[in-house]
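Descriptive analysis of the structure
Okay, here's what each chain looks like letter by letter:
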Amino acid sequence: MGSTGQGVTVVGGLGRAAVPVFLCRCRLDYPECYGGAAALHGSAPGAAVHLPLPLQVRAGPQAGEGGPAPCSGASGHPRTGVCSQHPLPRTQQCEAEALASRARPAPRTGQLPPRKQQARAGEGAGAGPSAAETPPGPMNRSHSFSKTPSRTPGKSGSKIQSTPTKAGGDRYIPNRSAMQMEMANFLLTKENDPAEESPTKKEQQKAWAVNLNGFDIEEAKILRLTGKPQNAPEGYQNNLKVLYSQKGTPGSSKKNGRYIPSMPDRILDAPEIRNDYYLNLIDWSSQNFLAVALDNSVYLWNHASGEIIQLLQMEHPDDYVSSVSWIKEGNYLAVGTSNAEVQLWDIQHQKRLRNMTSHSSRVGSLSWNSYILSSGARTGHIHHHDVRVAEHHVATLAGHTQEVCGLKWSLDGRYLASGGNDNLVNIWPCTQGDSGHFAPLHTFTQHQGAVKAVSWCPWQSNVLATGGGTSDRHIRIWNVCSGSCLSICGDKHLLVCSILWSTNYKEFISGHGFAQNQLVIWKYPTMAKVTELRGHTARVLNLTMSPDGATVASAAADETLRLWRCFELDPIKKKEKEKANSVKSSIIHQGIR
């Protein structure tokens, strides 16, 4: 290529704006230097000159218009692109090269770039003087090279280079016709726009895009593979897909259920524990102390350190402890005895704070609601004790004709559920009625045996679970607001002794007697049996749960305590729960006297 003529402008025949083009100056200002192109000499200013390119070139100043004088062409050569008699200044040559880089047409698919075409054309034409003197005419010159020269300079004549069979030859030139580059640029710049649009406006924009572009801009692809995939030969079958598409490998398959140990985490001896179905002899505090009543004594076992403390022993040898219950904060323990007393003990100082007497028979069940302690006796009466005042007995609930063996306040403190040996379940309000006396809101009579197992759902405050004794052997779920029975489950061979709801899962666990003496975990609300925990050799008497909700302690008539880690949480959820359930200071710490 050579230098550029002054004022040369290309008028695009492809509908584009006029741009400068790189042409030999000798072809316009000094046509005789090109040799054989004398028809250009003396043409009128601004006349259109047809060149081999599919463009129209308007010539700049011609001879006689102030331009350089014509040259003879003897010292110049069309292959060099610069006439030796009329060289361009260095600055104009740099400008000409810059203009040439802009005006060079983009290569088409299957076609070599123009510079490579010219190089190969020069190699095929040779370097003889005849080639320099005789330029091809406008109708004879072609820019589409379908074949490469038969001989390559510098190679032996025996080797013949054939034309590539595919379009493009030795280069891969991507076809961008299937790529939506403008749309891709728009989508990339659109991501930086934080403005939120309403759904209606998005639908309108989608409809406009489909009408204008023919596709949804949200589905536009920056890069896309073209061409249809090859069809599989007829009769081909992929055996690997049949073997491995349905089931994963055993090692990679993830189990949906959690692991529940079938063996107890720890076994403790409980000598002389009373084998009495109607008593409640164990309870676990929020400070991680397990209280166990063994005949006429109460022992405290520290779950963290394993330390055992004897808290009390009855003075009379014939008396025994019939029930124990921790306050919510875990610093005071209520103890019911066979001689109709309710004692209150301070654990930190290991001393008795007060002795409350109002019953006439043994106290087999206890339950706390803030500073109110409720106690159930063999007479069927329930007493409310306000432990802050000297006159502690503040109310009496008469709704059972036989011993109250199950007693539990709801977590929100609105309802008190009581179960008795008369097969009844009573739901009591926390406040007195208009008559000044307490009356049950609901009385459930569906059980056919003594109801000792009573437990409130921790995530639904109006849901209660109750279990019947030997003559019933069923677990019933109640809605205490409507008084309806939500579901029933059980086994005719299972005596229900105790029920506990899990605070970590939507499940509850029940303790049973006689047949297998097992613990059963149930899924709620499907009431499906999750698993059974076996190990006791005599009936289960009581169940209690650790403060973190992961471990269940069971006391049985075989004089053992077994700790089951059946509701263990994963470490992340465990830390979150420990934060939420941080121990608060007792609201009655300064009020008890």
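Bear in mind the structure is a predicted one, so any value in this text is a computation, not a measurement. (Residues numbered from 1 in each chain as written. Predicted model: local features only at pLDDT ≥ 70, side-chain atom pairs only at ≥ 80, totals over all residues. Heavy atoms only, no water.)

Thoughts on the UniProt feature "repeat: WD" (unreviewed entry) in the protein
Under the UniProt annotation, "repeat: WD" (unreviewed entry) lies at residues 314-355, 397-428 and 533-564. Secondary structure across residues 397-428 comprises 0% helix and 56% strand; the distance between its end C-alpha atoms is 8 Å. (UniProt positions renumbered as here; feature names shortened; annotations may be inferred. Helix = DSSP H or I, 4+ residues; strand = E, 2+ residues; numbered from the N terminus.)

Brief notes about the packing of aromatic side chains
Aromatic ring pairs are reported here in terms of the distance separating the ring centres and the angle at which the planes meet. Across all of its chains, the model carries nine aromatic pairs by this definition. Taking 6.2 Å as the distance between ring centres and 15 degrees as the angle between the ring planes, the aromatic pair formed by Y415 and W456 counts as stacked. Highlighted residues: Y415 in strand β18 (residues 415-420) and W456 in strand β21 (residues 451-456), separated in sequence by 41 residues. Accessibility expressed as a relative area gives 9% for Y415, which makes it buried. Owing to a relative accessible area of 6%, W456 belongs among the buried residues under this scheme. Look at W501 and F508: their rings are 5.1 Å apart centre to centre, the planes differ by 55 degrees, and that puts the pair in the tilted class. Judged by relative accessible area, which is 4%, W501 ranks as buried. By relative accessible area, F508 is classed as buried at 0%. Residue placement shows R258 over the ring face of Y505; its charged tip is 3.9 Å from the ring centre. (Phe/Tyr/Trp six-rings, centres within 6.5 Å; stacked < 30°, edge-to-face > 60°. Buried < 20%, exposed > 50% of the residue type's maximum accessible area, 1.4 Å probe, protein only. Lys NZ or Arg CZ within 6 Å of the ring centre and 35° of its normal.)

As for the side chain of S554
Inspection of the secondary structure puts S554 in strand β30 (residues 552-556). With a relative accessible area of 0%, S554 lands in the buried category. Only 3.0 Å separates the side chain of S554 from the side chain of W564, close enough to count as a polar contact. (Polar contact = N/O pair within 3.5 Å; in protein donor to acceptor, adjacent residues only side chain to side chain.)

A few points about the sheet that holds β30
Read from one edge of the open sheet, four strands run β4-β31-β30-β29, paired in antiparallel fashion. Two strands close off the open sheet at either side, each with one partner strand: β4 (266-269) and β29 (540-545). Taking the axes of each pair of neighbouring strands and ignoring which way they run, one obtains an average angle of 20 degrees across the sheet. Sheet topology note: the β29/β30 ladder contains five bridges and is antiparallel. When the sheet's bridge partners are listed, L543 is paired in β30 with S554. (Pairing = 2+ DSSP bridges. Axes fitted to C-alpha atoms, helices over the stretch in contact; angles between N-to-C directions.)

Notes on the sheet that holds strand β27 (residues 519-523)
The strand order β25-β26-β27-β28 describes an open sheet built from four strands, whose pairing is antiparallel. Each of the sheet's edge strands pairs with one partner strand only, and the pair in question is β25 (494-501) and β28 (529-533). On average, adjacent strands in this sheet sit at an angle of 25 degrees to one another, irrespective of strand direction. Where β25 meets strand β26 (residues 507-514), seven bridges bridge the pair, whose relative direction is antiparallel. If you follow L494 over to β26, its bridge partner there is F514.

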